[in-house]
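Residues per chain are reported as follows:
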Amino acid sequence: MRRTTVLGLNMERRSSRRRLVVAVYLFLAACIAAGWFADRLHVSGMLVFWAAWYSSLFILGGYGARGLIKPFTGKGPRDLPMPSNLVELQLRVTGALDRPDGSEYRNDEREIQRRDSVHYQAYQGLMLLVAAIWLLASWAIHPPSFVSARLMLVLVNFLALPAVVLGFTLPQAILLWTEPDLAPDPEDENPMVVAG
Amino acid sequence: MKSPRKFLFFISMETRRRRHTVVIGYYSFFAVLMIFRILFRGGPDTYAHLLPLTFYASAILGGLTINGPVRPFSHWQRNIRDGSAYNSNPRKMQWITLFRGEPLRTERYDEHDIAMRDHAHYLAYAALRWITILFVLFGAVVIIDWPPPRVAQFLLFLSVPFCIVFFSLPQAIILWTEPDLDPDPEEQPPQTVIRVVP
């Protein structure tokens, strides 16, 4: 992980990150439910898509230079982020503030192994969902005797957007859910008192 | 690549070039099938009948099943004991072995195999993510004014190529990137130990 705070909340503990993941998915589920009852996700589906994408970019991270998780590609942002105060702005204008160190975004072997592992787990989970959508779509073509083709199409439309939402967020969610508590920064610990 | 099979329908899979040919042929076959289905079988409605074929055809490359050159993904972390490598009845595995004509490999997967599997899934996930983003961004502009039945028909039309790629992309990446297989030690010619000098 790169950052330890999001929206001002400390995310060093695993329990905090799990609450964040649950909160993000509850928010997205509420958006999907609201969109479904509003217009069957016809136009509101795009808003849900943007909500999922921005949640992935700015809160969860991984795909992008912002968010809790380091970029999966190991590359930093191309442009410097907006300065957070006037001092930083003045330093940047005078050239005293250099670009962020690329090593800050580089993944080590353990992070690469974790990245690949969570993507495998997410792919397997999404495969079940896509297989369910595939089965419903097949039944929509050749509907069985106990259900109508129209209901199958409705279910396909209902499951397609959640599949997209999960696709944008599932690897990061698995990573944030399973990573252990972050070790405290050694610089923040109390210095040892040497007896004179 | 620790593959349980070195042949796919009598095609040798030991060299990278052969595996590249198989992957290109696999996707080309489906592309041609879709084009023919659209042009000569009544239009996009009947084209959607290809959907069930996408999952079953992915078994050709392996990964999801015990068939195919790529070993099953889900068993790469199972304990392998006494020939029941796939948590199946050993007697059933014997019949499958007889049917396939070669025994199933039962050694455990090492770290390289697991890392290769996971990395292939990461690459496939990243590629499919971009495809989904492009479709939602540009496709939504096109279909936003369409009535729901036409939208459903369009989604069925796109679901076939998506499922073809989704169910087979990790296996294709593994087959494409793995180096040539080492020759079987039993097949190597015996080395001369003693050289008779006249």
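A quick note: this is a predicted structure, and the numbers were derived from the prediction, not measured. (Residues numbered from 1 in each chain as written. Chains lettered and ligands numbered in written order. Predicted model: local features only at pLDDT ≥ 70, side-chain atom pairs only at ≥ 80, totals over all residues. Heavy atoms only, no water.)

*Asks:* Please give an account of the overall build of chain B that cites residues and values.
*Replies:* Along its length, chain B carries six helices and two strands. Its helices and strands taken in sequence order, chain B reads β-β-α-α-α-α-α-α from the N to the C terminus. Residue burial in chain B is summarised as follows: out of 198 residues, 40% are buried. In chain B, 70% of the contacts between residues at least 6 apart in sequence involve partners at least 24 apart. As displayed, chain B offers around 12,000 Å² of accessible surface, 63% of which is attributable to carbon and sulfur atoms. (Helix = DSSP H or I, 4+ residues; strand = E, 2+ residues; numbered from the N terminus. Buried < 20%, exposed > 50% of the residue type's maximum accessible area, 1.4 Å probe, protein only. Contact = heavy atoms within 4.5 Å. Areas by Shrake-Rupley, 256 points an atom, 1.4 Å probe, with all protein chains shown as cover.)

*Asks:* Tell me what's going on with the layout of surface pockets, and back it up with residues and numbers.
*Replies:* The calculated volume of the largest pocket comes to roughly 1,500 Å³. If you trace the largest pocket, you find 49 residues lining it, with N157, A160 and L161 of chain A together with F135 and L155 of chain B closest to the centre. Listing elements by their share of the lining of the largest pocket, those giving two or more residues are α2 (44-60), α4 (109-141) and α5 (149-178) of chain A together with α5 (111-143) and α6 (148-177) of chain B. Top contributing element to the lining of the largest pocket by residue count: α6 of chain B, with 13 residues. Classifying every residue of the lining of the largest pocket gives 39 nonpolar, seven polar and three charged. (1 Å grid on protein atoms, 1.4 Å probe; cavity = no way out; pocket = protein on both sides within 12 Å on 5 of 7 lines; lining within 4 Å. Points joined across faces, edges and corners; volume = space filled by probe spheres on them. Nonpolar A, V, L, I, M, F, W, Y, C, P; charged D, E, K, R; others polar.)

*Asks:* An account of the packing of aromatic side chains is needed here, citing residue identities and associated values.
*Replies:* The final tally for this structure, using the stated rule, is 17 aromatic pairs over all chains. Relative to Y27 of chain B, the ring of Y26 of chain B has its centre 5.2 Å away and its plane inclined at 85°; by these criteria the two rings are edge-to-face. The class of Y26 of chain B is buried, set by a relative accessible area of 7%. Joined through ring pairs, the aromatic side chains of F49, W50, W53, Y54, F58 and F168 of chain A make up one cluster. Between R117 of chain B and the ring centre of Y120 of chain A, over which it is positioned, the NZ or CZ distance is 3.7 Å. (Phe/Tyr/Trp six-rings, centres within 6.5 Å; stacked < 30°, edge-to-face > 60°. Lys NZ or Arg CZ within 6 Å of the ring centre and 35° of its normal.)

*Asks:* Give me the lowdown on the packing of α4 of chain A against α6 of chain B, citing residues and values where you can.
*Replies:* In contact at an axis separation of 11 Å, α4 of chain A and α6 of chain B are set at 145° when each is read in the N-to-C sense. Crossing angle aside, the handedness with which α4 of chain A passes α6 of chain B is left-handed. In this structure, α4 of chain A uses Y123, L126, M127, V130, A131, W134 and A137 of chain A to contact α6 of chain B, whose residues at the interface are L156, F162, C163, V165, F166, F167, L169 and P170 of chain B. (Axes fitted to C-alpha atoms, helices over the stretch in contact; angles between N-to-C directions. Left-handed = near helix turned anticlockwise from the far one by under 90°.)

*Asks:* Go over helix α1 (residues 14-39) of chain A, please, and point to the residues and values.
*Replies:* Over its 26 residues, α1 of chain A extends 38 Å from the first C-alpha to the last, a length consistent with the 38 Å expected when each residue adds 1.5 Å. Those residues of α1 of chain A that are buried are in contact with β1 (5-6), β2 (9-10), α2 and α5 of chain A. (Expected span 1.5 Å × (residues − 1).)

*Asks:* Got a sec to walk through the environment of R106 of chain A? Specific residues and values, please.
*Replies:* All names here are of chain A. You can see R106 is positioned in the loop between α3 (86-94) and α4. Assessed through its relative accessible area of 52%, R106 is described here as exposed. With 36 residues separating them in the primary sequence, R106 and K70 have C-alpha atoms 7.8 Å apart. Among residues more than four places away in sequence, those in contact with R106 are K70, G74 and E111.

*Asks:* Any chance you could break down empty space enclosed by the protein for me, citing the residues and the numbers?
*Replies:* Tallied over the full model, the rule gives two cavities of 30 Å³ or more. Reported here for the second largest cavity is a volume of approximately 40 Å³. Counted by class, the lining of the second largest cavity contains five nonpolar, one polar and no charged residues.

*Asks:* Give a description of the pattern of salt bridges that names residues and reports values.
*Replies:* Counted by the stated rule, this structure contains five salt bridges over all chains. Note that R110 of chain A is salt-bridged to E179 of chain A, the shortest N-O span being 3.0 Å. Taken together, the residues span a long stretch of sequence, with R110 of chain A in helix α4 and E179 of chain A in the segment after α5 at a distance of 69 residues. Judged by its relative accessible area of 44%, R110 of chain A is partly exposed. On the basis of relative accessible area, E179 of chain A is assigned to the buried category, the value being 10%. Notably, a salt bridge pairs D118 of chain B with R117 of chain B, separated by 2.9 Å at the nearest N-O pair. Each of R110, R114 and E179 of chain A takes part in a single network of salt bridges with overlapping partners. (Salt bridge = Lys/Arg side-chain N within 4 Å of Asp/Glu carboxyl O.)

*Asks:* Talk me through the interface of chain B and chain A; I want residue IDs and the actual numbers.
*Replies:* Across the boundary between the two partners, chain B contributes 39 residues, which contact 35 residues of chain A. Summing both sides of the interface, chain B and chain A together bury roughly 3,100 Å²; the carbon and sulfur share of this comes to 75%. On the chain B side of the contact with chain A, Y122, Y125 and R129 of chain B bury the most area, a combined 25% of that side's loss. At the junction of chain B with chain A, the criterion picks out zero salt bridges. Where chain B packs against chain A, one counts four residue pairs in polar contact (both at pLDDT 80 or more). Among the elements of the structure, α3 (51-58), α5 and α6 of chain B are those that each provide at least two residues to the side of chain B that touches chain A. Here the side of chain B that touches chain A takes 16 residues from α5 of chain B, the largest share from any one element. (Buried area = accessible area lost by both parts, 1.4 Å probe. Polar contact = N/O pair within 3.5 Å; in protein donor to acceptor, adjacent residues only side chain to side chain.)

*Asks:* I'd like a rundown of the environment of F30 of chain B, residues and numbers included.
*Replies:* Residues and elements named next belong to chain B. Tracing the backbone through its elements, the reader meets F30 in helix α1 (residues 16-40). Taking C-alpha positions, F30 is 13 Å from L158, a pair spaced 128 residues apart along the chain. Each residue touching F30, except ones within four places of it in the same chain, is listed here: L53, A57 and I164.

*Asks:* Please provide a residue-by-residue account of a nonpolar patch on the surface, values included.
*Replies:* There is a patch of nonpolar side chains on the surface, built from V22, L26 and W177 of chain A and spanning about 280 Å² of accessible area. Within the secondary structure, W177 of chain A is located in helix α5. (Patch = residues over 30% accessible without salt bridge, like charges linked within 9 Å, V, L, I, M, F, W, Y side chains within 5 Å.)

*Asks:* Provide a residue-level description of the confidence of the model for chain A, including the pertinent values.
*Replies:* Here chain A averages 80 in pLDDT, and 82% of its residues register 70 or above. When pLDDT is averaged over each element of chain A, α1 of chain A comes out on top at 90 and α3 of chain A at the bottom at 73. (pLDDT = per-residue confidence, 0-100.)

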